[in-house]
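This is what each chain is made of:
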Amino acid sequence: FDVVMPYAHNHSFGKLYDDLDHPYKDHMLTLPVAGGEHPIETVQIEAIREAKTDVQLAATLEALGGEVPNEEGRDLDEVRAEMIERILTLSTR
């Protein structure tokens with residue numbers, strides 16, 4: 001994929017800060033903060049950020065001729081570290 005398009009940046013079915021006030025969970029990438037401060041990031045936006053990093057690492061590794069490791073049943077931080085190590089090894093050749 002070349003692009004990520006989440007359904008909505010913020011879509012609340014009830015109260016913004018209460019996921020249990022409606023049968024559907026709110027779709028919130030960030031939560032607003034009074035006073036114009038930076039919004040509070042949610043785990044959903046962190047998941048999108050990590051997914052983007054994963055795709056970038058995998059694409060870089062493949063472009064260098066490396067093989068993307070199998071992530072099934074593994075800790076994804078370990079898989080990312082392995083991809084970074086493979087990229088560094090291939091790029092120093």
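Above: the structure in question.
If you're wondering where the values come from, they're calculated on a predicted model, not measured in any experiment.

Draft legend 1. Just the overall build of the protein, in detail. Each helix and strand counted, the protein has 2 helices and 4 strands in total. Secondary structure of the protein in N-to-C order comes out as β-β-β-β-α-α. The C-alpha atoms of the protein give 18 Å as radius of gyration, which overshoots the globular expectation for 93 residues (12 Å, by more than 25%). With the C-alpha coordinates of the protein rotated into their principal frame, the extents come out at 55 × 30 × 25 Å.

Draft legend 2. Representation of the nonpolar core. Within the largest apolar cluster, 6 residues are counted, these being Leu 57, Ala 58, Leu 61, Val 79, Met 83 and Ile 87. Every element with two or more residues in this core is listed here: α1 (43-63) and α2 (76-91). Contact partners of Leu 57, with chain neighbours within four places excluded, come to Arg 80, Met 83, Ile 84 and Ile 87.

Draft legend 3. Spatial organisation of the packing of aromatic side chains. Summed over the entire model, instances satisfying the criterion amount to 1 aromatic pair. Measuring from centroid to centroid gives 5.7 Å for Phe 13 and Tyr 24, while their planes differ by 45°, and the two rings are tilted. Placement of the pair is Phe 13 in the loop between β1 (10-11) and β2 (27-28) and Tyr 24 in the loop between β1 and β2, with a sequence separation of 11 residues. Residue Phe 13 is classed as partly exposed on the basis of its relative accessible area of 28%.

Draft legend 4. Structural context of the side chain of Asp 26. With respect to the helices and strands, Asp 26 occurs in the loop between β1 and β2. Although Asp 26 is buried, it forms no salt bridge, and the closest oppositely charged side chain is Lys 25 at an N-O distance of 7.1 Å. Among the polar contacts made by the side chain of Asp 26, one reaches the main-chain amide nitrogen of Phe 13 at a distance of 2.8 Å.

Draft legend 5. Examining α1 more closely. Between its first and last C-alpha, α1 extends 30 Å over 21 residues, near the 30 Å set by a 1.5 Å rise per residue. In the core, the buried residues of α1 are packed alongside β3 (30-31), β4 (40-41) and α2. Immediately downstream of α1, the backbone of Gly 65 shows phi near 90°, a positive value.

Draft legend 6. Local environment of the environment of Val 79. Structurally, the position occupied by Val 79 is in helix α2. Assessed through its relative accessible area of 5%, Val 79 is described here as buried. In the structure, Val 79 is positioned 25 residues away from Asp 54 in sequence and 9.0 Å away in space, judged by C-alpha atoms. Non-local contacts of Val 79, meaning those with residues more than four positions away in its chain, are made with Pro 69, Asn 70, Glu 71 and Arg 74.

Draft legend 7. Spatial organisation of the side chain of Thr 30. Mapped onto the secondary structure, Thr 30 falls in strand β3. Residues within four places of Thr 30 in sequence aside, it is in contact with His 9, Asn 10, Pro 39, Ile 40, Glu 41, Thr 42 and Ile 45.

The rules behind these values
Residues numbered from 1 in each chain as written. Predicted model: local features only at pLDDT ≥ 70, side-chain atom pairs only at ≥ 80, totals over all residues. Heavy atoms only, no water. Helix = DSSP H or I, 4+ residues; strand = E, 2+ residues; numbered from the N terminus. Rg over C-alpha atoms; globule rule 2.2 N^0.38 Å. Core = buried A, V, L, I, M, F, W, Y, C linked by side-chain atoms within 4.5 Å. Buried < 20%, exposed > 50% of the residue type's maximum accessible area, 1.4 Å probe, protein only. Contact = heavy atoms within 4.5 Å. Phe/Tyr/Trp six-rings, centres within 6.5 Å; stacked < 30°, edge-to-face > 60°. Lys, Arg positive; Asp, Glu negative; His and termini not counted. Salt bridge = Lys/Arg side-chain N within 4 Å of Asp/Glu carboxyl O. Polar contact = N/O pair within 3.5 Å; in protein donor to acceptor, adjacent residues only side chain to side chain. Expected span 1.5 Å × (residues − 1).

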